[in-house]
Amino acid sequence: MFFSKKIKTNGETDAYAALRVPDYRRFLGMRIFSTLSIQIMSVAVGWQVYEITNSKLALGLIGLTEAIPAIGISLYAGHLADKLNRRNILVGCITTMLFCSLALLGLAFFRNDLPKDLLVGGIFSVIFLTGIARGFFSPANFSLLPQLVPRENLSNAIAWNSSSWEISSISGLGLGGLIYGFFGVEITYFVMTLLCLGSLFTVLRIASRPAEPILDGETAMVRIREGLRFVFSNKFIITTITLDLFAVLFGGAVALLPVFAKDILHVGPSGFGILRAAMAVGAISMALFLAKYPLGRGAGKLLLGCVAGFGICMIGFGLSKIFWLSFAFLMVAGMLDEVSVYIRQNLVQHLTPDNMKGRVSSVSTIFITSSNEIGAFESGLAASLMGTVPSVIFGGAMTLVVVAAVAWRSPELRKLDFSRLGFHHKDT
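Every value quoted in this text rests on a predicted model; they were computed, and no experiment measured them. (Residues numbered from 1 in each chain as written. Predicted model: local features only at pLDDT ≥ 70, side-chain atom pairs only at ≥ 80, totals over all residues. Heavy atoms only, no water.)

Caption draft 1: Local environment of the environment of F99. With respect to the helices, strands and loops of the structure, F99 is situated in helix α3 (residues 86-109). Residue class for F99 comes out exposed when judged on its relative accessible area of 57%. Distance from F99 to V126, taken between C-alpha atoms, is 9.2 Å for residues 27 residues apart in sequence. (Helix = DSSP H or I, 4+ residues; strand = E, 2+ residues; numbered from the N terminus. Buried < 20%, exposed > 50% of the residue type's maximum accessible area, 1.4 Å probe, protein only.)

Structural data, given as structure tokens:
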């Protein structure tokens, strides 16, 4: 069976073990608030820029503007996350995001008084700064988690962390679209600012925990190379990261939702918000299921199947001309995406030593987190060159090609079994 019926911690069945730790609950609060804020920003910025420019390529450039600084800083950020106090790094990142939210709110408030080029330039400048903050955020966030719960409760903590991230990530997209569609850009950025404040409040309540001391004489470059060697020498980590990278790169149609809502399905801003919420419905249902029934045997085959299913859903969404059918394809895609995220996060957390989690997470940031933004650029560029619908179909087809190639080249992944690796007890 793919799913186990129980999570066993401390010799007992307890699906809520990690949630009983106060600092872990604060960590989840910070995670939820910050993710909601980031995703609402991505929705609002995407729709606003498309309204101003009517350019599909501009939608792709938004992702590229955020990805470049995140990629450029992430390896050094991972080194710092293994050296400095991780909570304090998160405080700095969230404070930066708060100022970016206020800047976008100000630009929105005075948008009718600003020249078009200045307004768009200001928005892209803020996005560049958020990219820097997110480059530091991911390694510190990933490496702080195992400091908050006992080792025996780590799998349970990962399950709730993965679920809460997926729920807030996809829900943020839906919430952002709904707020933008029904209340406008100023209210959307105002809500985003309030969420940043909530994130800052919760992270400040987490007790400070120093990182493990590093060896004398170890330079930043030596430690960065050590992290890279670890990632590329671990077949499970590098394979799952590669699979996610290309699946997100080619299979993401989310960046083009403003085009589908406005020009293809003709449902306007409110319909755009509903489409943004579609993946949330699927992701939330699957996240709650995984928190109750964690993965058992056959995780590798399930991962390949879910990523392939995601690509098929993208093809179906691209071909659909019916609003609620498009919604259904996105909802199923959200369910499948949640499973793949859960599997990858379990692998990386369990197979990485605590003193290397920041550096390993920084590599994941380059290949996974930033692939969303680069994927948005790819989608925008492909749509401008071959048309919106053909570009989405092409992306879904390429996702299927990537899955087939990974399945062929990585027999170890096909045989991946969480119960054999000791992540969960076998099915009962």
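Back to the text.
Caption draft 2: Structural view of helix α1 (residues 22-53). The end-to-end C-alpha separation of α1 is 46 Å, in line with the 46 Å expected for 32 residues at 1.5 Å each. A large share of α1 lies buried, amounting to 23 of its 32 residues. N54 sits one or two positions beyond α1 and adopts a positive phi of about 55 degrees. (Expected span 1.5 Å × (residues − 1).)

Caption draft 3: The side chain of Q48, seen in detail. Topologically, Q48 is positioned in helix α1. A relative accessible area of 4% places Q48 in the buried class. Not counting chain neighbours up to four residues away, the residues in contact with Q48 comprise A108, R111, I123, Y180, V185 and Y189. (Contact = heavy atoms within 4.5 Å.)

Caption draft 4: Layout of the packing of α1 against helix α2 (residues 56-81). Contact geometry of α1 with α2 gives a least axis separation of 9 Å together with a crossing angle of 140 degrees. One finds that α1 runs oblique with respect to α2. Considering the relative orientation of α1 and α2, their crossing is right-handed. Between α1, through M41, V45, G46, V49, Y50 and T53, and α2, the contact on the second element is made entirely by K56, A58, L59, I62 and E66. Across the contact of α1 with α2, the residue classes break down as 7 nonpolar, 2 polar and 2 charged. (Axes fitted to C-alpha atoms, helices over the stretch in contact; angles between N-to-C directions. Parallel < 35°, antiparallel > 145°, perpendicular 65-115°, else oblique. Left-handed = near helix turned anticlockwise from the far one by under 90°. Nonpolar A, V, L, I, M, F, W, Y, C, P; charged D, E, K, R; others polar.)

Caption draft 5: Quick peek at the side chain of S143. Within the fold, S143 resides in helix α4 (residues 116-148). Accessibility expressed as a relative area gives 0% for S143, which makes it buried. Within the structure, S143 has its side chain in polar contact with the backbone oxygen of P139 (distance 2.7 Å). (Polar contact = N/O pair within 3.5 Å; in protein donor to acceptor, adjacent residues only side chain to side chain.)

Caption draft 6: Geometry of the state of the cysteines. The tally for this structure, following the rule as stated, stands at 0 disulfides. No disulfide involves C196; its sulfur sits 8.4 Å from that of C100, the nearest cysteine. Using a relative accessible area of 3% as the deciding quantity, one classes C196 as buried. (Disulfide = S-S within 2.5 Å.)

Caption draft 7: Geometry of the packing of helix α9 (residues 257-264) against helix α14 (residues 388-409). Close contact between α9 and α14 brings their axes to 11 Å; oriented N to C, the two are set at 140 degrees. Judged on the interaxial angle alone, α14 and α9 are oblique. Here α9 and α14 pass one another in a crossing that is left-handed. Counted together, V259, F260 and I264 of α9 and T388, V389 and V392 of α14 form the full contact between these two elements. Grouping the amino acids of the contact of α9 with α14 by side-chain chemistry returns 5 nonpolar, 1 polar and no charged.

Caption draft 8: A look at the nonpolar core. Counting residues in each nonpolar core, the largest one holds 74 residues, and the members touching the most others are V45, L104, I123, Y189, L243 and L330. The element contributing the most residues to this core is helix α11 (residues 299-319), with 11 residues. Setting aside residues no more than four positions away along its own chain, I123 makes contact with V45, Q48, V49, I52, L104 and L107. If you look at the next biggest cluster of nonpolar residues, it comprises 30 residues, including V21, L98, V149 and C196. (Core = buried A, V, L, I, M, F, W, Y, C linked by side-chain atoms within 4.5 Å.)

Caption draft 9: Region of interest: the confidence of the model for the protein. Confidence along the protein averages 79 in pLDDT terms, with 85% of residues attaining 70 or more. Note on residues 1-13: pLDDT is under 50 here. Beyond four places in sequence and across chains, it has 47 contacts. (pLDDT = per-residue confidence, 0-100.)

Caption draft 10: Quick peek at the packing of aromatic side chains. Summed over all chains, the structure comprises 6 aromatic pairs. Ring centres of F260 and F317 lie 4.6 Å apart, and the angle between their planes is 45 degrees; this geometry places the pair in the tilted category. Here F317 lies in helix α11 and F260 lies in helix α9, a separation of 57 residues in the sequence. A relative accessible area of 1% places F260 in the buried class. On the accessibility criterion, F317 (0% relative accessible area) is buried. Taking the centre distance of 5.5 Å and the plane angle of 65 degrees together, the rings of W324 and F327 count as edge-to-face. Placement of both W324 and F327 in helix α12 (residues 323-351) is noted, with a separation of 3 residues, approximately one turn of the helix. (Phe/Tyr/Trp six-rings, centres within 6.5 Å; stacked < 30°, edge-to-face > 60°.)

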